[in-house]
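# Commentary on secondary and tertiary structure
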Amino acid sequence: MGGVVQVEQRWDASYAALERFRSRSGHADVPRSFRTDEGERLGVWLHRQRSLFAAGTLPAERMQLLERVGVRWSIADRSAGIAAFAAFQAAAGHGLVPHTFQTEDGFPLGTWVQSRRRQWSRSAADAERLWPELVALDFVWMVRDDAAAWAAGVTALDQYRRDHGDVLVPHWFVTADGLQLGRWVDSRRVEYRSGAMPAARVRALEVLGMVWRLRQAPDDRARRRREDAHFEQMLQHVHRWVSAHEGRLPAARTVTDDGVAIGRWLLRQRRLHRDRQLSQERVARFDSLRPGWDS
């Protein structure tokens, strides 16, 4: 009898955690990877309830309680949205989905993306915690005004040309004030190839020496040296963080006190390693830093 009571108590505790999640986030679509501040695997628990519901073995009173708090038995919208966004990003080279965009099968991706950004505007920390899949995809939570963003990009690219002698900006490059210039330049190339860039903007970039197709660019040893220097610099940031935190690796959203996003950088290195795109020399550097860094 005591075991039954304990099971009931655990279920009630998980349900209370779900109510708190619903109160804070505005919905009950808990990601499967989500844990509460106390370490409870709330996402796994909710997935189990959905499995019991699908099998017809979830008690009616529990089903009613879960529906009362807003649980949806099918979460196709969530998984479909993430998959559609990842596909758009892979095809377009950026994640700036037009408001009216729909996928070929009719999924309203533009509206879905705007909903995520509105959620982020209410609470950035909650949104990033609830959508780890989007964080991993470097989702752009806030989009600036187009004219202002264009002017900032051109100014930053001109400064990069003055500093480095070319406009071959690496994809990872971020300016001192946080502008992701490498990604901005890549997006302009995609826009140019699709024929969507106004002629005046094409001319403005060509005046700076824009290279539209990288495979036509000459071998750039200076660029490779800059990339190697950036890797060494970031690795040292990670090393200092690990040393200061008893050997623990930074989480995906970790930013150093001076504003360096080492968590995202490390996540990117793991993805490169998984895709066999990280050199053996760099893998060895990570292994010497901390075994198991790629797990």
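Residues numbered from 1 in each chain as written. Predicted model: local features only at pLDDT ≥ 70, side-chain atom pairs only at ≥ 80, totals over all residues. Heavy atoms only, no water.

### Things to note about helix H13 (residues 280-289)
Heads up, the rule is: Buried residues are those whose accessible area, probed at 1.4 Å on protein chains only, stays under 20% of the maximum for their type, while exposed residues exceed 50% and partly exposed ones sit between those limits. The helix and strand labels rest on DSSP assignments: H or I over at least four residues marks a helix, E over at least two residues marks a strand, and numbering proceeds from the N terminus. What the arc describes is the spread of directions from the helix axis to the C-beta atoms.
By the burial criterion, the buried members of H13 are Val283, Phe286 and Leu289. With its buried residues spanning 115° around the axis, H13 presents them on a single face. Across from the buried face of H13, at angles greater than 90 degrees, the exposed residues are Gln280, Glu281 and Ser288.

### Focus on helix H2 (residues 42-55)
As a reminder of what qualifies: One less than the residue count of a helix, multiplied by 1.5 Å, gives the span that helix is expected to have.
Its 14 residues give H2 an end-to-end C-alpha distance of 20 Å, which sits within 8% of 20 Å, the value for a rise of 1.5 Å per residue. Among the residues of H2, Leu42, Gly43, Trp45, Leu46, Gln49, Arg50 and Leu52 are the ones counted as buried. Residue Gly56 follows H2 closely and has a positive phi angle near 75°.

### A word on the nonpolar core
The condition is simple: Among buried residues, those of type Ala, Val, Leu, Ile, Met, Phe, Trp, Tyr and Cys that are joined through side-chain atoms within 4.5 Å constitute a nonpolar core. Contact between two residues is taken to exist if any of their heavy atoms lie within 4.5 Å; hydrogens are not considered.
In terms of nonpolar packing, the biggest core is built from 34 residues, with Leu18, Leu66, Leu109 and Trp112 touching the most fellow members. Every element with two or more residues in this core is listed here: helix H1 (2-25), H2, helix H4 (76-92), helix H5 (109-122), helix H6 (124-130) and helix H7 (132-136). If we ignore the near neighbours within four places in the chain, the residues touching Leu66 are Trp11, Tyr15, Leu18, Trp45, Gln49, Leu58, Val71 and Trp73.

### Some details on the pattern of salt bridges
Rules: In the sections that follow, a salt bridge refers to a side-chain nitrogen of Lys or Arg positioned within 4 Å of a carboxyl oxygen of Asp or Glu.
In this structure the tally under the stated criterion is six salt bridges. Members of the salt-bridge network, linked through shared partners, are Asp158, Arg161 and Arg162.

### What to know about the side chain of Arg183
Filter applied, for reference: Counted as positive: Lys and Arg. Counted as negative: Asp and Glu, with His and the chain ends omitted from the count.
Of note, Arg183 is situated in helix H9 (residues 181-193). Of the side chains with opposite charge, Asp138 comes closest to the buried, unpaired Arg183, at an N-O distance of 4.3 Å. Not counting residues within four places of it along the chain, the set of residues in contact with Arg183 comprises Gln89, Asp138 and His171.

### Comments concerning the packing of aromatic side chains
Using the following cut-off: The criterion for an aromatic pair is that two Phe, Tyr or Trp rings (for Trp, the six-membered ring) have centres within 6.5 Å, with stacked assigned to planes under 30 degrees apart, edge-to-face to planes over 60 apart and tilted to the rest. By definition, being over a ring means that NZ of Lys or CZ of Arg is both within 6 Å of the ring centre and within 35 degrees of the ring normal.
With the rule as written, the count across this model stands at 13 aromatic pairs. Taken together, a centroid distance of 5.7 Å and an interplanar angle of 90° make the contact between Phe231 and Phe286 edge-to-face. Of this pair, Phe231 sits in helix H11 (residues 221-244) while Phe286 sits in helix H13, and the two are 55 residues apart along the sequence. We note that Phe231, like Phe286, is buried. An aromatic cluster of three or more residues is present, and its members are Phe231, Trp265, Phe286 and Trp293. The ring of Trp112 is capped by Arg116, whose NZ or CZ atom sits 5.0 Å from the centre of that ring. Of note, Arg282 hangs over the ring of Phe231, and the distance from its end group to the ring centre comes to 4.2 Å.

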